[in-house]
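Observations on the model geometry
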Amino acid sequence: MTFDENERVPTQYHPSWFEGYRYVYPVVSRRSRGVSLGVNLSPTKLCNFRCVYCQVDRGENRAEIDRAIATTVPEQASSRDVLGRSHSCGGMVDLDVLESEILRLARASLDGELFKVERFAAVERSKRVLRDFAFSGDGEPTLAPQFPEAVSRLADARRRLGYDPLKLVLITNATRLERPEIARALDELCASNGEIWAKLDAGDPEWLRAVDRTAIPFETIVRNIEFAAKRWRVKIQTALFSWRGAGPTDEQFLRYCRRVREIMEAGGQVEAAQLYTVAREPAEPDARPLPNDVMDRYAEVLRRETGLSVEVFYSR
Ligand code: SF4
């Protein structure tokens, strides 16, 4: 879920910020407005999307993942990881390690030790605030079999820190939010000052297939976001970019606005939308950033069509 690559640069490719760190990486995030501790539950980098703008380096797994996504039927794609294989094949997360990493980094952030490290020394004072623990990382977090338990561990770590403003955030492609075990975990996450940042990159199935390259039906994703927004705090995140020389047409973008509005009219309490464009080298070189003024124009249309508060994140 590399939704905020620009900010994740200092750590995304250096998760061992302290020697031996495996699952937790600190970033200074524009979206969080301070320090976010990213949690990567996807050591195998598996995802059920193959976004053209993804910035996760899947290295040798890439061909296998491409093949699996191309041949996966929707039902399998929505209920299993994309290769249909268990994360126990080298992908289990050691939750004790995760919990100790998050506590150590949270304390380093709260007591200022983090900013003695060269990479963070220049962070301005107003951003030296610990904002959240964010499930993000190198794939869809809810695919990880240990996701529910990881939520409990983070909720517990938050309690032990005794720092009430801290949020728990799930950054997700919204493909599995209705599953009972995920919903139960999200009840716990949201009871711990949690919120969900759900990806909706398109307003129709064709556009979704073109940019996210997934076998999961568009309607499943919309239904999941509606389900989530009726039950929890939800922000919608949307990647906008030029694909093969063109951004979304006005018609496509209006269709997207209409779907967001329908989610709200059905009772979904969407808190805000975040529009962002490509900020670093993407999976496909034909995915290019949109200029700032074009991003502003899309944001204006979305505000007008939905009444939502809309934040924009430019490529630079
Ligand atoms: S959802 Fe898309 S951007 Fe996020 S990890 Fe999967 S392929 Fe990459």
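Provided above is the structure to which this section pertains.
We now turn to the structure provided with this report. Model, not experiment: these values are computed from the prediction.

What follows is about the overall build of the protein chain. Along its length, the protein chain carries ten helices and ten strands. Every one of the 316 residues in the protein chain was classed for burial, and the buried ones make up 56%. Counting only contacts in the protein chain whose residues sit at least 6 apart along the sequence, the fraction spanning at least 24 positions is 77%. Accessible area for the protein chain stands at about 13000 Å²; split by element, carbon and sulfur atoms hold 47% of it.

This brings us to the packing of helix α9 (residues 250–265) against helix α10 (residues 292–306). With their axes 9 Å apart at the nearest point, α9 and α10 run at an angle of 40° to one another. Classified by the angle their axes make, α9 and α10 are oblique. Here the hand of the crossing between α9 and α10 comes out right-handed. Contacts from D250, F253, L254, Y256, C257, V260, R261 and M264 in α9 reach R297, Y298, V301, L302, R304, E305 and T306 in α10. Residue composition of the contact of α9 with α10, by class: nine nonpolar, one polar and five charged.

We now examine the packing of helix α4 (residues 95–110) against helix α5 (residues 147–161). The interhelical angle for the contact between α4 and α5, taken along N-to-C directions, is 35°, at an axis separation of 10 Å. With respect to the hand of their crossing, α4 and α5 are arranged in right-handed fashion. Across from L95, D96, L98, E99, I102, L103, A106, R107 and L110 in α4, the residues of α5 making contact are E149, A150, R153, L154, D156, A157, R160 and L161. Among the residues forming the contact of α4 with α5, the class breakdown is ten nonpolar, no polar and seven charged.

Tracing the backbone shows N40 in the loop between β2 (34–39) and α2 (62–71). There is a polar contact of 3.0 Å between the side chain of N40 and the backbone nitrogen of S42. In this structure, N40 is in contact with Y23, Y25, G137 and D138, ignoring residues within four places of it in sequence.

It is worth spelling out the pairing of strand β10 (residues 310–313) at this point. On β10, burial covers both faces: V310 and V312 on one face and E311 and F313 on the other are all buried. In this structure, strand β8 (residues 270–276) lies alongside β10, joined through four bridges in parallel fashion. Paired with L275 across the bridge in β10 is V312.

The next thing to look at is the packing of aromatic side chains. Counted by the stated rule, this structure contains six aromatic pairs. On the basis of an interplanar angle of 65° and a centroid distance of 5.2 Å, the ring pair of F135 and F147 is categorised as edge-to-face. With F135 in strand β3 (residues 130–135) and F147 in helix α5, the pair connects residues that are twelve residues apart, well separated along the chain. In this structure F135 comes out as buried when scored by relative accessible area, which is 0%. With centroids separated by 4.6 Å and ring planes inclined at 50°, the aromatic side chains of F253 and Y298 adopt a geometry described as tilted. Residue F253 is located in helix α9, and its partner Y298 is located in helix α10; the two are separated by 45 residues in the primary sequence. Comparing F253 with Y298, the two get one shared label, buried. One aromatic cluster is present, built from ring pairs that chain together Y53, F241 and Y276. Cation over ring: R31 sits above Y276, and NZ or CZ is 4.4 Å from the ring centre. Here R31 stacks its cationic end above the ring of F313, 4.6 Å away from the centre of that ring.

Thresholds applied
- Residues numbered from 1 in each chain as written.
- Predicted model: local features only at pLDDT ≥ 70, side-chain atom pairs only at ≥ 80, totals over all residues.
- Heavy atoms only, no water.
- Helix = DSSP H or I, 4+ residues; strand = E, 2+ residues; numbered from the N terminus.
- Buried < 20%, exposed > 50% of the residue type's maximum accessible area, 1.4 Å probe, protein only.
- Contact = heavy atoms within 4.5 Å.
- Areas by Shrake-Rupley, 256 points an atom, 1.4 Å probe, with all protein chains shown as cover.
- Axes fitted to C-alpha atoms, helices over the stretch in contact; angles between N-to-C directions.
- Parallel < 35°, antiparallel > 145°, perpendicular 65-115°, else oblique.
- Left-handed = near helix turned anticlockwise from the far one by under 90°.
- Nonpolar A, V, L, I, M, F, W, Y, C, P; charged D, E, K, R; others polar.
- Polar contact = N/O pair within 3.5 Å; in protein donor to acceptor, adjacent residues only side chain to side chain.
- Pairing = 2+ DSSP bridges.
- Phe/Tyr/Trp six-rings, centres within 6.5 Å; stacked < 30°, edge-to-face > 60°.
- Lys NZ or Arg CZ within 6 Å of the ring centre and 35° of its normal.

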